[in-house]
Amino acid sequence: MAINLAGGGATVRKVRRARLIPLWALILGALVMALIGTSPHYAGTDSYVVGLIGKFLCFAIFALSVDLIWGFAGILSLGQAVYFGIGAYMVALSMKLNYTLENATRYGGNIPDFMEWNGLTEVPGFMAPLLSTPVAVALALAIPTLLAFIFGVITFKRHIYGVYCAVITLAEALILERFIVEYQAYTGGFNGITDYSNLRGAPFLWVIIAVTVVCFLGARVLTHSRIGTVLKSIRDNDVRAEFMGYNVANYRIFVFCISAFMAAGAGAMYAAWVGIVSFLDTGPLLSVEAVIWTAVGGRATIIGPFIGAFLIRGLEFVLSGLDIELAGRSIAEYWQIFMGALFIAVVLWIPDGIVGTIGNWVRKRGTGTLGQIREDQDRLAHDRQHDWDPAGATKPGEERV
Amino acid sequence: MLQQLFMQSLNGLGVAGILVIAAAGLAIIFGVAGVINMAHGQFIMVGAYVAAYVDSQGGSMFLAIPLAFIVVAILGLVVERGVIQWIYDRPLETLLATWGVGIIIEVIMKFIFGTLGQKVGWPDLLDGSIKIFARPPHFPYYRVFHVALAIAIMAVTFYIIYRTNFGLKVRAVRRNRSMAGCLGIDTAKIDMLIFMYGSGLAGIAGAVIAPIKAATIDMGFSYAVSSYMVIVLGGVGNLLGIPTGSFLIGEGETLLAFRYNTVIGQLLVFLAIVIAIRVFPRGIFGYQERR
Amino acid sequence: MALLEIKGLTTEVSGYKIIDNLDFSVEANELRVLLGPNGAGKTTLIAMITGQFKPTAGKIFFDGKDITGRAPDEIFLAGISRKFQVPNMYETLSVYDNVMISLQTDRKVFKYMFKRVSPAENERIWEILEFIELADRANDPADTMSHGERQWLEMGMLIGSNPKLLLLDEPTTGMTEQGKQRTAQLIEKIAKSHTVLLVEHDMHVVRRLGKKVTVLHQGKLLAEGPLAEVVENEMVKAVYLGKGRH
């Protein structure tokens, strides 16, 4: 039996890699741009649709940040809204402070109304830096990233992940939410921060679109580069990665910080665009929702979170707006049941999400199911090596100890 | 001052009692089946509404407690058979699916009972308080009741897990699922029964909490999160983790809330937990890593 | 000094000594086979060397450095690669990527961040893939591989990391005789340029490799020497090889 260990040498040395910017993404992007550009809604920049697009894009970036850690590194955080929310609050506070400097409140003060209600007479010293917009934006991005870093060092260095990480992050979000409600003199409490001049309109929409494109490309570069492969290897088998000399904790911290940075950016733009932030934007609810957007769209794909966020938020918008009655109740009340059912359905039946399922389907059409591939190739391997026999039967007369 | 501190720590004990009742079910399910039920808060809420219903029909709380156990255990059975049994091997996705279950339960309860909270009365037996010191605050009977019930629940659970045949199977499944399966233990059935039992305990928690907080749709969530923290801090390697975690969190939050305020109390306890897991990555009573 | 030196290594789990005051060493460029019945402490010893578990007492020296109780990734970087008993790889990554991950390079996050696969590295990956005869499957995800192919892929990953010492924990488990022979051939080839510590049950393979053998029994060193000598050792016969039949 001749076994050639030197290798055939006849193989084609070609690595299949996805293109950095897939053609369909370019076409889709151009189409969306054209749609927005030519839309009659676009002329009236106050239009509801334009408002929704900006908002959804922020949510999409947020979902992408969840996807980066969950889909590509296997960390499920149910408190990602903490970073989104802190980013949003920093910007909202800054805008509100600046707004009230020029527009006095009903009581004639030049400090935000919620501070007035709570008996403050001037802006507290520690908030003064927020008056400067660049400082506020820098803080909005830096504080969440720093928090994520600290959180990552504490947990990932001690091999805390999986379910434990999920519930700890959930508690984190809940506590921040309560903190904001409790310290209403500084945060606007239950009502949130409202009534400041938002940036909704054409110029800022282009900023959001530009940031979205940058995030999309950034995530694509990150996940398709060599370090992305390492992240995926950690997701698949962290023990193996550690025995391969990778400091798994450091890689997790790294991607967690990037994700927090992205979430904070989304939050900052969201606050500037929508013109109202509340404690709900930092809480567990939004965090879990973002995970669901990602799950519906497709985990471990870049476009999935975008599709998920737009689809679910869009559905929510359409369904809650419908004026249909069912069994004496408006359909808006059933909306949440639909959401709950969707959560379950996605986990049970389409765990790969929309994009992932379509991807599987395309692959199946091309080459057969994964199971078939495995069978075929096992047969091939068998033909080639004549030794693949799971039963491992000893041939008669062979020496065995 | 010292008197106050003493009374507060007694109160903390009462809070810890509620936490034990709320977390026990969750911890047992997590310990055996490895899934965390995100609808735990809603299970507690259903238990509270059962108590509210019993109360509105003139029944006593002592009737409400077993009834809540049964109703929520059946709810748990439905959820386990309908959703969770398919995804035991994907614990992270169980979180999402059970979150969805929680939303559905919430909406259904809203349809039935409306959004307004429902007050639940005390049994006369638990009215009044022990007058340890001449001046108030006194130590109310219901706190004593919470602690007593918590001890009773832990005792029953200990008995079931360590003294019965069923408990032996449960421990076998927990240690080595596939091996237990090979030895003829129906692991799926064990999972199901444990899930029912854990859910039932959540129902009891709801029935007990209802008189202090009134039954509202969103009452359960914060108890559920506290229960998760009990698991993280106490660990599920040993049943003792539940009372230990509950005691530390209950006392910590009560005393810090007394010194500062509730939110600061929760925040500090949370930070303490996060720091504690650096020392005990799987909780104080977590599985010991093989050395 | 030997490449790997273990001195007085002891591991206790709840009073039971899995490894009991073991002294053991492997010279550079040696192919050493570790034998022993189930529960002799072979896998525990491997886990100890790679930093998965920490010993109760004793020291492990590698290449003159004390590596006792270090983290797995540090020990890997010191030059010890481990093949797990059960094939252990990154299921969703392609075969190519699996090998790429294992290549020797600076693994610090920020150093790694801007790294691309250089032509030299690409060449090396293909060499390894051809060496383990998986080149034509380079783009398939690892979870479509059969059991035997996974074992070879994992060995390819180990070669890629270019370690000073390879720990192979029962690489032929679950293979047929021909698969075992082929794996043995692969090990021989690897051993030409690397130091290998091989845990093996199958005497067929051990015989073929026929080098120096160490027998463990209940955490203690029972016998050490060339295979032929060890096989004749009465104690070894008694505890491991059975009564006369081998």
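None of these values were measured; they are calculated from a predicted model. (Residues numbered from 1 in each chain as written. Chains lettered and ligands numbered in written order. Predicted model: local features only at pLDDT ≥ 70, side-chain atom pairs only at ≥ 80, totals over all residues.)

With respect to the overall build of chain A
Check the secondary structure of chain A and you find 17 helices and two strands. When burial is assessed residue by residue, chain A has 45% of its 401 residues classed as buried. For chain A, long-range pairs separated by at least 24 residues make up 79% of all intrachain contacts whose partners lie at least 6 apart in sequence. (Helix = DSSP H or I, 4+ residues; strand = E, 2+ residues; numbered from the N terminus. Buried ≥ 20, exposed ≤ 12 C-beta atoms within 10 Å, placed from the backbone. Contact = placed C-beta atoms within 7 Å.)

Brief notes about the packing of helix α1 (residues 2-33) of chain B against helix α5 (residues 141-163) of chain B
All names here are of chain B. At their nearest, the axes of α1 and α5 sit 8 Å apart, and the two run at 30 degrees to each other. Taken together, the axes of α1 and α5 are roughly parallel relative to one another. When the axes of α1 and α5 are compared, the crossing they make is left-handed. Here N11, L13, G14, G17, I18, V20, I21, A24 and I28 of α1 lie close against α5, whose contacting residues are R143, H146, V147, L149, A150, I153, M154 and T157. Classifying every residue of the contact of α1 with α5 by side-chain character gives 11 nonpolar, five polar and one charged. (Axes fitted to C-alpha atoms, helices over the stretch in contact; angles between N-to-C directions. Parallel < 35°, antiparallel > 145°, perpendicular 65-115°, else oblique. Left-handed = near helix turned anticlockwise from the far one by under 90°. Nonpolar A, V, L, I, M, F, W, Y, C, P; charged D, E, K, R; others polar.)

Details of the environment of I249 of chain B
Residue and element names in this part refer to chain B. Here I249 shows up in helix α10 (residues 241-259). Given 27 C-beta atoms within 10 Å, I249 falls into the buried group. Taking the C-alpha atoms as reference, I249 lies 9.7 Å from S227; in sequence the two are 22 residues apart. Apart from residues no more than four positions distant in its own chain, I249 is found in contact with L19, S226, M229, V230, L233 and V269.

Quick look at the interface of chain A and chain B
The interface is formed by 32 residues belonging to chain A together with 30 residues belonging to chain B. Elements with a contribution of two residues or more to the side of chain A that touches chain B: α7 (163-182), α13 (284-297) and α15 (331-349) of chain A. Broken down by element, the residue count for the side of chain A that touches chain B peaks at 12 residues, all from α7 of chain A. Residues belonging to the side of chain A that touches chain B are distributed by class as follows: 25 nonpolar, four polar and three charged.

What about the packing of helix α2 (residues 40-56) of chain B against helix α4 (residues 91-113) of chain B?
All names here are of chain B. At their nearest, the axes of α2 and α4 sit 9 Å apart, and the two run at 20 degrees to each other. Relative to α4, the element α2 lies roughly parallel. As for the relative orientation of α2 and α4, their crossing is left-handed in sense. Contact residues: α2 offers G41, Q42, M45, V46 and Y49, while α4 offers G102, I105, E106, M109 and F113.

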